[in-house]
Amino acid sequence: MVAISNSMIAVVGLNGALQKRFVMETSLVPGNVHRATRIDIGVGGKGQDVAIALSCLSRPCKLLQFIGQGPEGDQVYEMLQQTVGQDALESTTIRTVAPLRTCTSIVGADCTTELVEPSGSIQKEDLDEIYNACAKQNVDAICIMGSMPPGCPDDTYARIYQAIEASSNTKKNK
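Here is a short report on the structure shown in this document. All values derive from a computational prediction rather than experimental measurement.

Reading the values: rules and limits
Residues numbered from 1 in each chain as written. Predicted model: local features only at pLDDT ≥ 70, side-chain atom pairs only at ≥ 80, totals over all residues. Heavy atoms only, no water. Helix = DSSP H or I, 4+ residues; strand = E, 2+ residues; numbered from the N terminus. Buried < 20%, exposed > 50% of the residue type's maximum accessible area, 1.4 Å probe, protein only. Contact = heavy atoms within 4.5 Å. Areas by Shrake-Rupley, 256 points an atom, 1.4 Å probe, with all protein chains shown as cover. Lys, Arg positive; Asp, Glu negative; His and termini not counted. Charge placed at Lys NZ, Arg CZ, Asp CG, Glu CD. Pairing = 2+ DSSP bridges. Axes fitted to C-alpha atoms, helices over the stretch in contact; angles between N-to-C directions. Arc of directions from axis to C-beta.

Okay, the overall build of the protein chain next. A count of helices and strands for the protein chain gives five helices and eight strands. Listed N to C, the secondary structure of the protein chain is β-β-β-α-β-α-α-β-β-β-α-β-α in terms of helices and strands. For the protein chain, with 174 residues in total, the buried portion stands at 41%. For the protein chain, the share of sequence-separated contacts (at least 6 apart) that also reach a separation of at least 24 residues comes to 75%. As presented, the protein chain carries roughly 9,300 Å² of accessible surface, and 52% of it is formed by carbon and sulfur atoms. Looking at the protein chain, you have 15 positive and 19 negative side-chain charges, and the mean spots of the two groups are 4 Å apart.

It is worth spelling out the sheet that holds strand β5 (residues 93-99) at this point. Reading across the sheet, the four strands line up as β5-β4-β1-β8 and stay open at both edges, with parallel pairing between neighbours. Strands with a single pairing partner mark the edges of an open sheet, and in this sheet they are β5 and β8 (141-144). For this sheet the average axis-to-axis angle between neighbouring strands, irrespective of direction, equals 20 degrees. Relative to β8, strand β1 (residues 9-12) runs parallel, the two being bridged by four bridges. Bridging from a neighbouring strand, Val11 pairs with Cys143 of β8. Strands in contact with helix α2 (residues 70-84) are β4 (61-69) and β5; relative to β4, the strand with the most contacts, it is inclined by about 160 degrees.

What follows covers the environment of Ser119. Here Ser119 lies in the loop between β7 (112-116) and α4 (124-134). Residues contacting Ser119, with those up to four places away along its chain left out, are Asn15, Arg101, Pro149 and Pro150.

Time to look at α4. Residues Asp126, Leu127, Ile130, Tyr131, Ala133 and Cys134 constitute the buried set of α4. Around the axis of α4, the buried residues are gathered within 160 degrees of arc, so they sit on the same side. Exposed residues pointing more than 90 degrees away from the buried face of α4 are listed as Lys124 and Glu125.

Scope: geometric values only; no functional claims are made or implied.
Below, the structure is given as structure tokens:
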């Protein structure tokens, strides 16, 4: 069994997002005008959430992810730098040409409604870059989280796992 507390963990989160929370004091009524009492902005994506949680626990990780270009992608990347640190992102974040999706939660007095934008399509060059990044990792554990964006073949997670495992085993056997 691996001692997780001292282990480097690869967190794979290919479908990140900018998460907005539109918070209001009233209930959501379709067709009505609603005014927010505040707007919260943060990082979205299951893999990104896991990397942030590991960072809060002072556990080292590498976040393997696609982050779209544009202001949303820049904003999420900057927030991740502040929370998980540059070491977790360096050489493992692939900036795609597709814009980063935004997920908006409308938080009403009695319930929350989630609006999820479609993800941009991942190109073959982006996949090649993430596979290459995986092949350079030396980790003790892998955490694969969330859905895959369009353009990722069905075997993407299997290929990522194989690349990380082969790299980690090669480096440990030296």
